Amino acid sequence: MDQTLTGSDSLSPAIPRARRTGWKWLLIGVTAWVLAMVVLQVVSNSRLAYHQRAAQALTQATLVYVEQVAADQHEQKLRRAREAYESVAADFPNTEAAQVARFYSIRISYRLKEWDKAENDIDTFIEQGNDPDDYIVRAMEIRYQIYQARGETEKAAEYFHEVIEADLIR
Amino acid sequence: MKRIKDIALVVVISLAVAILAGEVYYRFISAQGYITPALLKARGLEYKPGNFARYILPQKEQTSRGKYYVNKLGYRGHDFSVEKQPGTIRVMTMGGSSVFDVGALDDEDWPHRVEQLLKERGLNNVEVINAGIIGYNSADSLGRFIAEAHTFKPDYVFFFSAWNDLKYFKSTQNLLRRQEIYTESPLLHYTSGVDRFLCETSQVYAHLRQEYYAWRERRQPAVSEEFAHSNEVNFEHLKQYRLNVELFVEAARNIGAVPILMTEPTLISPANTDFEKQRIKYQSVELNHEQLCDAYQRVETIVREVVAAKQVDFIDASKELSGRTELFWDHGHLTMRGSETLAQLVSREFERIYKQRISG
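Residues numbered from 1 in each chain as written. Chains lettered and ligands numbered in written order. Predicted model: local features only at pLDDT ≥ 70, side-chain atom pairs only at ≥ 80, totals over all residues.

Colleague: Explain the domain arrangement of chain B here, please?
Modeller: A common way to express how large an interface is: the accessible area buried when the components associate. Looking at chain B, the domain boundaries give domain 1 (1–33) and domain 2 (75–180 + 226–358). Spacing between the C-alpha centres of domain 1 of chain B and domain 2 of chain B amounts to 54 Å. (Domains from an automatic or database assignment.)

Structure (structure tokens):
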């Protein structure tokens, strides 16, 4: 074994055994690496499938939201769409689709003039910090619109600068 | 010899461990997460090259990660039937990204808000089709109208275009010679079967590839070097612009629709503050502020002249909205408040035009 370690004598009968041991470890290493890669791929594929189901659910909610309805059914449509978005957020937490769905729920609250609810949800949304696109800036714009709607014109004008600056550095 | 073998072994083992660590990082820790060209493509809108416009939205449902809903016919917003239902007043809006309304959320792009507002005012049979496409200039919009949009038999057609036309204003050549062939970016498309296999099995590869192609695209100039342009505005292009607007009016009338021309609302004005100038993407049009203000004025003058010469219904959106800082994200894309303000204006004006026409 000492000879194997030092490798001082290539004619030693221990060397072929050492080579065999080396090959064995190499084979084990390669197999472990390939297995690890396969496991990673399987886990990734399963996560991907989950995210794709979430995206499909988001599309279904969007279809409710963009549906063409008569004026007297518009408010009902918005409420139905918000429920659909909230379901996506609840059913598929920690996905991009859930984050987009949360954003649209906020927007619908604003459109339904539920400004306190919308503002609270904006705080939570921004704190979470997970932004799949430019939704945080857009959430800030909704807050600006809430200030406007409440008649807080000066506050709104100041905040609008913050919104644009956030967009410029995005 | 043995020393070389040992070094090679260490390198291979280190590489294998690094790749494994990279795979774990990109799949589970990295902010970008799991990516492939196919997934990245699904995040944005998919376009295809077109014959009558440089590119088109294909006829398939797209959601762009929940940002923009494009229906099965390739138009933003709710589905509509190709055949117009009896009694429906069908309105189409044609133009670029300001008509597509990139700053507006689904169901709130100004064309669809116009539809909702008109319904609230009792015009329940109005149906609006948003035919705006991001990046379209007046020639693209005209092409889209004569090669497809007319088949939907619109009763009224809105049209405005300015910013995307200014993009060719410094060209020394005619619009026909402009080299802007739509190409599919390798960032969003596999380049071969091997590329696809590697992207789908290794996130280290997919991310490195992404970095490489993004770097390569960043190095490309905004305007193709093959596209000859001068430092001065070539006002000969105004003739092209005028012709496009005139042809649009004639095309709409030829199919029995009422054309309604609009001026394009913009943040750009001679009175812009430094804060506002920061938001204007001068590099897209390669014009300085003075040139831009001048070009906008000339383009708007043409629209007003065509309106007067051809007796066209007209909404001067620029006069009402331009320069109002809170209505724009940048040079021309509307904020949500901007979309709502434009929708209020257009719905009011449309109601006036519609009532005038039905009362004879």
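Colleague: Looking at this structure, how should I read helix H4 (residues 96–111) of chain A?
Modeller: For the α-helix, the turn length of 3.6 residues means that residues three or four positions removed from each other point alike. The terminal C-alpha atoms of H4(A) lie 23 Å apart, and with 16 residues this matches the ideal 22 Å at 1.5 Å per residue to within 8%. Trailing H4(A) by a residue or two, A:Lys113 shows a phi angle of about 65°, which is positive. (Helix = DSSP H or I, 4+ residues; strand = E, 2+ residues; numbered from the N terminus. Expected span 1.5 Å × (residues − 1).)

Colleague: Would you take a moment to explain the pairing of strand S5 (residues 156–159) of chain B for this structure?
Modeller: Successive residues of a regular strand alternate their side chains across the two faces of the sheet. All names here are of chain B. Of the two faces of S5, the one carrying Tyr156 and Phe158 and the one carrying Val157 and Phe159 are both buried. By the bridge criterion, 4 bridges tie strand S3 (residues 89–94) to S5 in an arrangement that is parallel. Bridging across to S5, Met92 finds its partner in Val157. Where S5 and strand S6 (residues 258–262) come together, 4 bridges link them in parallel fashion. Among the inter-strand pairings, Val157 is bridged to a residue of S6, identified as Pro259. (Buried ≥ 20, exposed ≤ 12 C-beta atoms within 10 Å, placed from the backbone. Pairing = 2+ DSSP bridges.)

Colleague: Quick question: what am I supposed to make of the interface of chain B and chain A here?
Modeller: Contacts between the two partners involve 29 residues from chain B, matched on the other side by 30 residues from chain A. Of all elements in the fold, only helix H1 (2–29), helix H4 (110–120), helix H10 (274–279) and helix H14 (336–358) of chain B reach the threshold of two or more residues within the side of chain B that touches chain A. Partitioned by chemical class, the residues of the side of chain B that touches chain A number 8 nonpolar, 9 polar and 12 charged. (Contact = placed C-beta atoms within 7 Å. Nonpolar A, V, L, I, M, F, W, Y, C, P; charged D, E, K, R; others polar.)

Colleague: Even after reading the chapter, I still don't get the sheet that holds S5(B), so can you show me in this structure?
Modeller: Note on sheets: strands pair through backbone hydrogen bonds, and any given pair is parallel or antiparallel. Residues and elements named next belong to chain B. The sheet built from 5 strands is open, its strands ordered S4-S3-S5-S6-S7 with parallel pairing. Strand pairing shows two members of the sheet lacking a second neighbour, strand S4 (126–130) and strand S7 (313–315), which therefore form its edges. For this sheet, the mean inter-axis angle between neighbouring strands, taken without regard to orientation, is 20°. With 3 bridges joining them, S6 and S7 adopt parallel strand pairing. Looking across to S7, one finds that Met262 is bridged to Ile315. Against the sheet, H4 touches S3 and S4, its axis set at about 175° to S4. (Axes fitted to C-alpha atoms, helices over the stretch in contact; angles between N-to-C directions.)

Colleague: Quick question: what am I supposed to make of the confidence of the model for chain B here?
Modeller: Caution applies to low-pLDDT regions: their predicted coordinates should not be interpreted in detail. On average, residues of chain B score 92 in pLDDT, and 96% of them are at 70 or above. Overall fold confidence (pTM) sits at 0.87, and the ipTM for the predicted complex is 0.86. (pLDDT = per-residue confidence, 0-100.)

Colleague: How should I be thinking about the packing of helix H6 (residues 135–149) of chain A against helix H7 (residues 153–169) of chain A in this particular structure?
Modeller: How two helices pack is summed up by the angle between their axes together with the distance between the axes. Residue and element names in this part refer to chain A. Between H6 and H7, the shortest axis-to-axis distance is 8 Å and the interhelical angle comes to 170°. Taken together, H6 and H7 sit at an angle that is classed as roughly antiparallel. Contact with H6, carried on its side by Val137, Met140, Glu141, Arg143, Tyr144, Tyr147 and Gln148, involves Thr153, Lys155, Ala156, Tyr159, Phe160, Glu162, Val163, Ala166 and Asp167 of H7 and no other residues of that element. Counted by class, the contact of H6 with H7 contains 9 nonpolar, 2 polar and 5 charged residues. (Parallel < 35°, antiparallel > 145°, perpendicular 65-115°, else oblique.)

Colleague: Which parts of the structure should I look at to understand the packing of helix H3 (residues 74–91) of chain A against H4(A)?
Modeller: All names here are of chain A. At a closest axis distance of 8 Å, the pairing of H3 and H4 adopts a crossing angle of 155°. Comparing their axes, H4 and H3 come out roughly antiparallel. The crossing of H3 and H4 is left-handed. Packed against H3, whose contacting residues are Leu78, Ala81, Arg82, Tyr85, Glu86, Val88 and Ala89, the element H4 presents Ala97, Ala98, Ala101, Arg102, Tyr104, Ser105, Ile108 and Arg111 at the interface. (Left-handed = near helix turned anticlockwise from the far one by under 90°.)

Colleague: Quick question: what am I supposed to make of the environment of A:Arg138 here?
Modeller: Mapped onto the elements of the fold, A:Arg138 is located in helix H6. Separated by 35 residues in the primary sequence, A:Arg138 and A:Phe103 place their C-alpha atoms 8.7 Å from one another.

Colleague: How should unusual backbone geometry be read in this particular structure?
Modeller: Glycine aside, negative phi is the norm for most residues, and most peptide bonds take the trans geometry. For A:Lys113, which is not a glycine, the phi torsion comes out positive at approximately 65°. Locating A:Lys113 in the fold gives a position in the loop between H4 and helix H5 (115–128). Judged by local crowding, A:Lys113 falls into the exposed class, with 11 C-beta atoms found within 10 Å. Within the chain, B:Lys153 stands out as a residue other than glycine whose phi angle is a positive 50°. Its place among the elements puts B:Lys153 in the loop between helix H5 (138–147) and S5.

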